[in-house]
Amino acid sequence: MSADHTSSVISARVRHVEALLEGRGLLDEGEIDGRIDEFLAGGSPANGARITARAWVDPGFRERLLADANTAIREVGLSMAGGLQEQRLKVVANTAEEHNVVVCTLCSCYPIALLGPSPGWYKSEAYRSRVVRDPRGVLREFGLELPERTRISVWDASAESRYMVVPRRPEGTEDLSEEQLAALVTRKGLIGTAAV
Amino acid sequence: MAELAPGMRVRTRTADPEGHTRLPRYARGAVGVLVEQAGVHPLADDRARGRAASPQQVWHVRFAAADLFGSGDHTVTVELWADYLTPIEEPA
């Protein structure tokens, strides 16, 4: 299990290799930071919120999203192809019967393009080790009390896919526009640790 | 050995390899059900060791929490390479 890398041997080695590559003219100074900035640019929970709002108002889109998320999110102008290669996206939707929650128990895999950088708690060992064993208890600590009859599905991002949860549409939102609906959606809702 | 297919019951590898693996310890030697395919990728264990690895099928595998931890009524769906999985022969 990996934790904090900032002062580790591997970090020092990476910095050393970076300096060597720059010294030999194979890498421009700051090029890696630039590539990382590029990768992060536009990554924000607002993207996940837009996808969610569209899924709430358009049942056809919701169906396409759950079947093949990579293709469906192009309909709202988003993509998982911002990195070196397109990452597979798996979207799961909450219902009255089933609540989904996402974790990466091995490290901190996360759909940065759709949700921005991950919150600190998502990377904590406490969350990663506990939510697979006792999701109901962990969600309660987040202030989310689920009815006993609601089944909980935990998704462990242990390989190459990235995950996003479509929360349930709140009651009494029939008159809201798609944009207003998107404003209701939180980052925690898209991970599954909040209702919306 | 039967070809892996959705709905099939599988057992995960029990070995604890030296170095990197993407089979989480809590899901080792456990029985789960194949839910759906999750792309085709070289085995992460090999890549971490600098070995050539040909792409293989990755699966979403669903486990009952009670089978993993001895308690709990939820499920945990883990994403696992085919190499980690052995089909369970169902009695005819």
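These numbers come from a predicted model, not from an experiment. (Residues numbered from 1 in each chain as written. Chains lettered and ligands numbered in written order. Predicted model: local features only at pLDDT ≥ 70, side-chain atom pairs only at ≥ 80, totals over all residues. Heavy atoms only, no water.)

Enquirer: Honestly, the overall build of chain B in this entry has me stumped. Any pointers?
Expert: Counting its secondary structure elements, chain B contains two helices and five strands. Tracing chain B from N to C terminus, the helices and strands come up as β-β-α-β-α-β-β. Relative to its length of 92 residues, chain B is compact, with a C-alpha radius of gyration of 13 Å against a globular reference of 12 Å. Principal-axis analysis of the C-alpha atoms gives chain B an extent of 40 × 30 × 20 Å. Within the span of chain B, comprising 92 residues, buried residues form 42% of the whole. Of the contacts made within chain B by residues no fewer than 6 positions apart, 54% connect residues no fewer than 24 positions apart. In the form shown here, chain B has an accessible surface area of approximately 4800 Å², with 48% of it arising from carbon and sulfur atoms. Across chain B, the 10 positively charged side chains and the 12 negatively charged ones have centroids separated by 6 Å. (Helix = DSSP H or I, 4+ residues; strand = E, 2+ residues; numbered from the N terminus. Rg over C-alpha atoms; globule rule 2.2 N^0.38 Å. Buried < 20%, exposed > 50% of the residue type's maximum accessible area, 1.4 Å probe, protein only. Contact = heavy atoms within 4.5 Å. Areas by Shrake-Rupley, 256 points an atom, 1.4 Å probe, with all protein chains shown as cover. Lys, Arg positive; Asp, Glu negative; His and termini not counted. Charge placed at Lys NZ, Arg CZ, Asp CG, Glu CD.)

Enquirer: How should I be thinking about the sheet that holds strand β2 (residues 98-103) of chain A in this particular structure?
Expert: Two modes of strand pairing occur in sheets, parallel and antiparallel, and in both the strands are linked by backbone hydrogen bonds. Taken together, seven strands build an open sheet; the order of strands is β2(A)-β3(A)-β4(B)-β3(B)-β2(B)-β1(B)-β5(B) and the sheet is mixed. Each of the sheet's edge strands pairs with one partner strand only, and the pair in question is β2 of chain A together with β5 (85-87) of chain B. Here the strands of the sheet are splayed against their neighbours by 35° on average, with no regard to which way each runs. Taken together, the three bridges between strand β1 (residues 9-12) of chain B and β5 of chain B define a ladder with antiparallel strand orientation. Looking at the pairing, Arg 11 of chain B lines up with Thr 86 of chain B of β5 of chain B. (Pairing = 2+ DSSP bridges. Axes fitted to C-alpha atoms, helices over the stretch in contact; angles between N-to-C directions.)

Enquirer: Help me understand the UniProt feature "binding site: Fe(3+)" (unreviewed entry) in chain A, please; the structure alone is not making it clear to me.
Expert: Residue and element names in this part refer to chain A. Residues annotated in UniProt with the feature "binding site: Fe(3+)" (unreviewed entry) correspond here to Cys 104, Cys 107, Ser 108 and Cys 109. Looking at the element boundaries, Cys 104 is found in the loop between β2 and α6 (112-115). Not counting chain neighbours up to four residues away, the residues in contact with Cys 104 comprise Cys 109, Tyr 122, Arg 128, Asp 156 and Ala 157. Setting aside residues no more than four positions away along its own chain, Ser 108 makes contact with Tyr 122 and Lys 123. (UniProt positions renumbered as here; feature names shortened; annotations may be inferred.)

Enquirer: Would you mind going over the interface of chain B and chain A with me for this structure?
Expert: It is common to give the size of an interface as the accessible area that goes away when the parts come together. Each partner contributes residues to the interface: chain B has 23 residues there, and chain A has 19 residues. Across the chain B/chain A interface, buried area totals approximately 1800 Å², and carbon plus sulfur atoms make up 47% of it. Considering only the side of chain B, the residues that lose the most area to chain A are Arg 22, His 74 and Glu 79 of chain B, jointly responsible for 28% of the buried surface there. Joining chain B to chain A, the criterion identifies two salt bridges. Glu 36 of chain B is the partner of Arg 88 of chain A in a salt bridge, and the nearest nitrogen-oxygen pair spans 3.1 Å. When residues in the side of chain B that touches chain A are grouped by element, the largest group, seven residues, is from strand β4 (residues 75-81) of chain B. For the side of chain B that touches chain A, the per-class residue count stands at nine nonpolar, eight polar and six charged. (Buried area = accessible area lost by both parts, 1.4 Å probe. Salt bridge = Lys/Arg side-chain N within 4 Å of Asp/Glu carboxyl O. Nonpolar A, V, L, I, M, F, W, Y, C, P; charged D, E, K, R; others polar.)

Enquirer: I'm lost on the domain arrangement of chain A in this one. Help?
Expert: Taken as a whole, chain A is organised into domain 1 (9-39) and domain 2 (43-191). Here the C-alpha centroids of domain 1 of chain A and domain 2 of chain A sit 33 Å apart. (Domains from an automatic or database assignment.)

Enquirer: In this structure, what is going on with the packing of helix α3 (residues 45-57) of chain A against helix α4 (residues 59-67) of chain A? I would like to understand it.
Expert: When two helices pack together, you describe them by how their axes are tilted relative to each other and by the distance separating the axes. Residue and element names in this part refer to chain A. At a minimum axis separation of 5 Å, α3 and α4 run at an interaxial angle of 125°. Taken as axis vectors, α3 and α4 run oblique relative to one another. In the packing of α3 onto α4, the handedness of the crossing is left-handed. The residues of α4 that touch α3, namely those facing Ile 51, Arg 54, Ala 55 and Val 57, are Pro 59, Phe 61, Arg 62 and Leu 65. Of the residues contributing to the contact of α3 with α4, the split by class is six nonpolar, no polar and two charged. (Parallel < 35°, antiparallel > 145°, perpendicular 65-115°, else oblique. Left-handed = near helix turned anticlockwise from the far one by under 90°.)

Enquirer: Is there a simple way to think about the nonpolar core in this case?
Expert: Generally speaking, soluble globular proteins have nonpolar side chains that are buried together. Residues and elements named next belong to chain A. Ranked by size, the top nonpolar core spans 70 residues in total, and within it Ile 51, Leu 65, Leu 114 and Met 164 carry the most contacts. Of the residues forming this core, the biggest block, five residues, is contributed by α3. Setting aside anything within four residues of it in sequence, one finds Leu 65 in contact with Ile 51, Ala 55, Ala 72, Ile 73, Val 91 and Val 166. (Core = buried A, V, L, I, M, F, W, Y, C linked by side-chain atoms within 4.5 Å.)

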